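# Architecture and fold: a report
Listed below are the residues making up each chain.
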Amino acid sequence: MAGPAPITRVALRLAVVVMVSLKGGRIVALPMDLVRIAIPLLADFVIIFLVRFRLGKRIGASKARTTSHSYTADSDSFELAIAVAVAVSGIGSGQAFAAVIGRLVGVAVMILLVNVAF
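A brief look at the structure comes next. In this text, all values refer to a predicted model and were calculated from it rather than measured experimentally.

### Observations concerning the overall build of the protein chain
Secondary structure summary: the protein chain contains five helices and zero strands in total. Evaluated residue by residue, the protein chain yields a buried proportion of 29% over its 118 residues. Sequence separation of at least 24 residues holds for 69% of the intrachain contacts in the protein chain that already meet a minimum separation of 6. When the accessible area of the protein chain is evaluated, it comes to approximately 7400 Å², of which 71% is carbon and sulfur surface.

### Quick notes on helix α2 (residues 31-58)
Counted at 1.5 Å a residue, the expected span for α2 with its 28 residues is 40 Å, and the 40 Å between its end C-alpha atoms agrees. At Ala-38, α2 shows its strongest bend, of approximately 25°, with the proline Pro-40 following within four residues. Turning to α2, its buried residues number three or more, namely Asp-33, Ile-37, Ala-38, Leu-41, Phe-45, Phe-49, Phe-53 and Gly-56. Looking one or two places after α2, you find Gly-60, whose phi comes out positive at around 90°.

### Thoughts on the environment of Thr-66
Among the secondary structure elements, Thr-66 is positioned in helix α3 (residues 63-75). Overall, Thr-66 belongs to the buried group, its relative accessible area being 3%. Contacts of Thr-66, omitting those with residues within four sequence positions, involve Arg-52, Phe-53, Gly-56, Lys-57 and Ala-61. Only 2.8 Å separates the side chain of Thr-66 from the backbone oxygen of Ser-62, close enough to count as a polar contact.

### Considering the nonpolar core
Counting 14 residues, the largest nonpolar core has Phe-45, Phe-49 and Val-105 as its most contacted members. Among the elements of the structure, α2 and α5 (94-117) are those that each provide at least two residues to this core. Looking at this core element by element, the count peaks at eight residues for α5. The next biggest cluster of nonpolar side chains, apart from the first, holds six residues, and it includes Met-19, Ala-85, Ala-99 and Val-100.

### Description of the packing of α2 against α5
Packing of α2 against α5 leaves a shortest axis separation of 9 Å and a crossing angle of 40°. Taken together, the axes of α2 and α5 are oblique relative to one another. Regarding α2 and α5, the two cross each other, and that crossing is right-handed. Between α2 and α5, the residues in contact are Asp-33, Leu-34, Ile-37, Ala-38, Leu-41, Leu-42, Phe-45, Val-46, Phe-49 and Phe-53 and Phe-97, Ala-98, Ile-101, Gly-102, Val-105, Gly-106, Val-109, Met-110, Leu-113, Val-114 and Ala-117, respectively.

### Structural notes on the packing of aromatic side chains
In this description, an aromatic ring pair is defined by two values, namely the gap between the centres and the angle between the planes. On inspection of all chains with the given rule, the structure shows one aromatic pair. Relative to Phe-53, the ring of Phe-49 has its centre 6.0 Å away and its plane inclined at 10°; by these criteria the two rings are stacked. Taken together, the positions of Phe-49 and Phe-53, both in helix α2 and four residues apart, correspond to about one turn of that helix.

### Remarks on the environment of Val-114
As for its placement among the helices and strands, Val-114 is situated in helix α5. Val-114 sits 43 residues away from Tyr-71 along the chain, and the two C-alpha atoms are 7.2 Å apart. When neighbours within four sequence positions are excluded, Val-114 is seen to be in contact with Phe-49, Thr-67 and Tyr-71.

What counts as what
Residues numbered from 1 in each chain as written. Predicted model: local features only at pLDDT ≥ 70, side-chain atom pairs only at ≥ 80, totals over all residues. Heavy atoms only, no water. Helix = DSSP H or I, 4+ residues; strand = E, 2+ residues; numbered from the N terminus. Buried < 20%, exposed > 50% of the residue type's maximum accessible area, 1.4 Å probe, protein only. Contact = heavy atoms within 4.5 Å. Areas by Shrake-Rupley, 256 points an atom, 1.4 Å probe, with all protein chains shown as cover. Expected span 1.5 Å × (residues − 1). Bend = angle between axes of the 7 residues up to and from the residue. Polar contact = N/O pair within 3.5 Å; in protein donor to acceptor, adjacent residues only side chain to side chain. Core = buried A, V, L, I, M, F, W, Y, C linked by side-chain atoms within 4.5 Å. Axes fitted to C-alpha atoms, helices over the stretch in contact; angles between N-to-C directions. Parallel < 35°, antiparallel > 145°, perpendicular 65-115°, else oblique. Left-handed = near helix turned anticlockwise from the far one by under 90°. Phe/Tyr/Trp six-rings, centres within 6.5 Å; stacked < 30°, edge-to-face > 60°.

Structural measurements only, silent on function.
In structure tokens:
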């Protein structure tokens, strides 16, 4: 199964930039919205990563392969979530904001977890 076309990846990343630009004032004015979105996502990313990592090690997979699979398990579907949120609720909606924050939190947490794994 092939991944998304390069133009799709660029378009989705551009959508994230636009949404963050539109919601930058909200992030600064209402930082607790960011925290309320980020905390459950942080817990989800860490738990999923650690469970997948532990299972990978238990079946004897290499550290590199286990880390790669654990990272992939946590990063699936955020682009789809952003696209659906924008299509259903609009680019300026709270749903789109939450999807973008989820992606931003996810990237930071996953980089940290991969560094810890190695």
